[in-house]
Amino acid sequence: MDLFRQFKIWVLFTCLVFQCGCGFYLPGSYPHKYDIGNTLSVKVNSLTSIDTEMPFSYYSLPFCKPPEGVKDSAENLGELLMGDRIENSPYRFKMYTNETQIFLCKSDPLSADDFKILKKRIDEMYQVNLILDNLPAIRYTKKEGFFLRWTGYPVGIKVQDMYYVFNHLKFTVLVHKYEETNMARVMGTGDAAEGIPTVDRTSNVPGYMVVGFEVVPCSVSHNFDSVKNLKIYDKYPSAINCDPTTVEMAVKEGQPMVFTYDVSFVESDIKWPSRWDAYLKMEGAKVHWFSILNSLMVITFLAGIVLVIFLRTVRRDLTRYEEIDKEAQAQMNEELSGWKLVVADVFRAPDNPALLCIMVGDGVQILGMAVVTILFAALGFMSPASRGTLITGMLFFYMVLGIAAGYVAVRLWRTIGCGDSKGWVSVSWRVACFFPGIAFLILTTLNFLLWGSHSTGAIPFSLFVILLLLWFCISVPLTLVGGYLGAKAPHIEYPVRTNQIPREIPAQKYPSWLLVLGAGTLPFGTLFIELFFIMSSIWMGRVYYVFGFLFIVLILLVVVCAEVSLVLTYMHLCVEDWKWWWKSFFASGSVAIYIFLYSINYLVFDLKSLSGPVSATLYIGYSLFMVFAIMLATGTVGFLSSFWFVHYLFSSVKLD
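Residues numbered from 1 in each chain as written. Predicted model: local features only at pLDDT ≥ 70, side-chain atom pairs only at ≥ 80, totals over all residues. Heavy atoms only, no water.

- In the nomenclature of an unreviewed UniProt entry, the protein chain corresponds to Transmembrane 9 superfamily member from the organism Vitis vinifera.
- As recorded by UniProt, the Sequence similarities (unreviewed entry) comment attached to the protein chain reads in full: "Belongs to the nonaspanin (TM9SF) (TC 9.A.2) family." (UniProt positions renumbered as here; feature names shortened; annotations may be inferred.)

**A short note on the overall build of the protein chain**
So, point 1. When its secondary structure is counted, the protein chain shows 18 helices and 15 strands.
So, point 2. Within the span of the protein chain, comprising 656 residues, buried residues form 48% of the whole.
So, point 3. Across the protein chain, contacts joining residues at least 24 apart in sequence account for 84% of those joining residues at least 6 apart.
So, point 4. Within the structure as shown, the protein chain displays about 32300 Å² of accessible surface, and the carbon and sulfur contribution to it stands at 63%. (Helix = DSSP H or I, 4+ residues; strand = E, 2+ residues; numbered from the N terminus. Buried < 20%, exposed > 50% of the residue type's maximum accessible area, 1.4 Å probe, protein only. Contact = heavy atoms within 4.5 Å. Areas by Shrake-Rupley, 256 points an atom, 1.4 Å probe, with all protein chains shown as cover.)

**Quick look at the side chain of Ser565**
So, point 1. For Ser565, the position within the fold is in helix α15 (residues 547-574).
So, point 2. In this structure Ser565 comes out as buried when scored by relative accessible area, which is 0%.
So, point 3. Within the structure, the side chain of Ser565 is placed 2.9 Å from the backbone oxygen of Gly638, a separation counted as a polar contact.
So, point 4. Those residues in contact with Ser565 that sit more than four places away from it in its chain are Ser584, Ala587, Gly638, Phe639, Ser641 and Ser642. (Polar contact = N/O pair within 3.5 Å; in protein donor to acceptor, adjacent residues only side chain to side chain.)

**Describing the state of the cysteines**
So, point 1. Taken as a whole, this structure holds two disulfides when the rule is applied.
So, point 2. What pairs with Cys64 in a disulfide is Cys105, and their sulfur atoms sit 1.8 Å apart. Taking the torsion about the sulfur-sulfur bond, which here is approximately -85°, the covalent link between Cys64 and Cys105 counts as left-handed. Taken together, the positions of Cys64 in the loop between β2 (39-44) and α2 (77-81) and Cys105 in strand β4 (residues 99-106) put the pair 41 residues apart, joining distant regions of the chain.
So, point 3. Overall, the relative accessible area of 17% leaves Cys105 in the buried class.
So, point 4. The disulfide partner of Cys218 is Cys242, and the S-S distance across this bridge is 1.8 Å. The disulfide joining Cys218 to Cys242 has a torsion of about 65° about its S-S bond and is therefore right-handed. Here Cys242 lies in the loop between β14 (207-218) and β15 (258-267) and Cys218 lies in strand β14, a separation of 24 residues in the sequence. Neither Cys218 nor Cys242 differs from the other in exposure class; each is buried.
So, point 5. If you count the bonded cysteines of the protein chain from the N-terminus, they pair up as 1-2, 3-4. (Disulfide = S-S within 2.5 Å.)

**Side note on the packing of aromatic side chains**
So, point 1. Scanning the model with the defined rule gives 48 aromatic pairs in all.
So, point 2. When the ring of Trp539 is compared with that of Tyr619, the centres are 4.8 Å apart and the planes differ by 55°; the resulting orientation is tilted. In this pair, Trp539 is assigned in helix α14 (residues 521-539) and Tyr619 in helix α18 (residues 613-651), connecting sequence segments 80 residues apart. Like Trp539, the residue Tyr619 is buried in the burial classification.
So, point 3. Three or more aromatic residues link up through ring pairs in this structure, and these residues are Trp429, Phe440, Phe448, Trp451, Phe464, Trp471 and Phe472.
So, point 4. Above the plane of the ring of Phe56 lies Arg121, whose end atom (NZ or CZ) is 3.8 Å from the centre.
So, point 5. When the ring centre of Trp578 is taken as origin, the NZ or CZ atom of Arg348, which lies over that ring, is 5.6 Å away. (Phe/Tyr/Trp six-rings, centres within 6.5 Å; stacked < 30°, edge-to-face > 60°. Lys NZ or Arg CZ within 6 Å of the ring centre and 35° of its normal.)

**Things to note about the nonpolar core**
So, point 1. If you look at the biggest cluster of nonpolar residues, it comprises 137 residues, and the most contacted ones within it are Phe93, Leu130, Phe171 and Phe650.
So, point 2. The element best represented in this core is α15, accounting for 16 residues.
So, point 3. Cys218, Val227, Tyr236 and Val258 belong to the second largest nonpolar core, which has eight residues in total. (Core = buried A, V, L, I, M, F, W, Y, C linked by side-chain atoms within 4.5 Å.)

**So, the confidence of the model for the protein chain**
So, point 1. The pLDDT averaged across the protein chain works out to 83; a share of 83% of its residues lies at or above 70.
So, point 2. Below a pLDDT of 50 lies the segment residues 1-28, which in the model reaches 36 contacts outside its immediate sequence neighbourhood of four places, other chains included.
So, point 3. Low pLDDT (under 50) marks residues 182-202, which in the prediction has 31 contacts with non-local residues, meaning those over four places away or in another chain. (pLDDT = per-residue confidence, 0-100.)

**Overview of the sheet that holds β2**
So, point 1. If you trace the four strands from one edge of the open sheet to the other, you get β3-β2-β6-β7, paired in antiparallel fashion. In the strand order of this sheet, the two ends are held by β3 (87-94) and β7 (135-136), each with one partner.
So, point 2. Both β2 and β3 contribute to a ladder of five bridges, which runs antiparallel. The residue of β3 that forms the bridge with Leu40 is Phe93. (Pairing = 2+ DSSP bridges.)

Laid out in structure tokens, this is it:
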């Protein structure tokens, strides 16, 4: 009965994970009810381009500014790290009130610098990103009978050596009637029930929710004389023909620009929980599903074969070794070779033991952060609707897991030192500073490049100070606490003694590093398809949301890394190579090399339009940072699994 109950629980959990893989998410906020005539304020985000990967402030170009002045919107740490700069805009709507030919502003005559930078942004295909009620503006274009979906709209376009700016925007706001439901219980967001807006049943005035935000950009030529006396939000005196297939407003030095807009409201059947579906539809979804499923099946099948062969081989060796008597065992030790002959050297301390402990500790911290973050994202707590929460969550979990990093590193250090606790403070301190220090060095170097380009992707100095405070005031102390717990915990006893004189390793037929490097191909095979979608999300501006699949791939990656490292460790022991410590780490950690090569391939063949040495340097720098973190995480999995295997293997053999 208990077995049947466990099976039902497992089936339920599996269905939940696959539902997460389909894009299930919990919206990060409750729906906002707007009465007819209520003001809707549009916000602007940074200008972005897949050609440069460097975001810039919306107001770095000569666009209209709000009458009350530019103000930063509420931002979290993740938004700032991602380069988002959300600010208010002059675009104002009234709920369910259609308006046409609304005059926004007339810019000052373009100076030489403004004209130059505007042309540059058009050449680099920068996109304007608008936000209404937390929904990004979406644009539809038709090509060869198919509708293409884009987020944002281009600053302008170049036609026959002339530059045109999109100065008239035609907005369509999709709304849905507010429905009285207990949103807090249905969605499970954790918001207090009293914080949920409710409909006054005594009122006949309907309320509406925003469920869609579309924009059509046009380039329209305006009469400068007719707008001399107009104020913001006045009606433009003549009709405006918004035709997205033609361009009229040419950009010229010394000439001003006039900006106008239209807005219309359309009642839609889309309900509030489904309003993000238009953004989460990924092109080639069927290919994505089939490729991921195919990859999982193939890798699981191969890993199963490796595991079965491996267990049978080890079991046969153990059986043969234990069935013979002591006299025959001594004779066999003289005649046979293999892992039995390195019994007195297999636990000999490796080269640079402190560095190994530090890297394993940091790997535990990174792997734990990845597992917890992806699990929470798969359950919907870090949906795309909650901008910046993914990065914020990663930072939080990384800092908290400093306890695990310090504990594992110091306990491993004491195990290698046969119980000696001397130097645990130094090991804990270096664990807290090793990976964050390298990350800080890489990101600071890249930040100087972004600062020099005046990009909003550059981390502000104040944020640098906050990150340093989080590092030294939270992460370092937690790591020291973990180190203290590791120093107090009993070290792992070796099952065999180690001789004072190391055994000579026989000459090998093939270099061991070749096997170590080749071992990374199998773990790489588990994630290279998912890696394409992740890279497209980061560098092509696409929304990534299938965290359920990513969680499954991560678990499978951990299993394959462990198995690959076990097999290679066993192979090295069989040829009397007892220096398995570092080799087990890099056997699975070598997957990082293939990920970096894939990143270079993606840069050459998929990011062909990436322009400028600064953009390429940013791409390579961020790729190195990602690859280094993956190497520590996967290497840690391989080492810990190999350590457990070697300890289990030699503790299972009867020795004098």
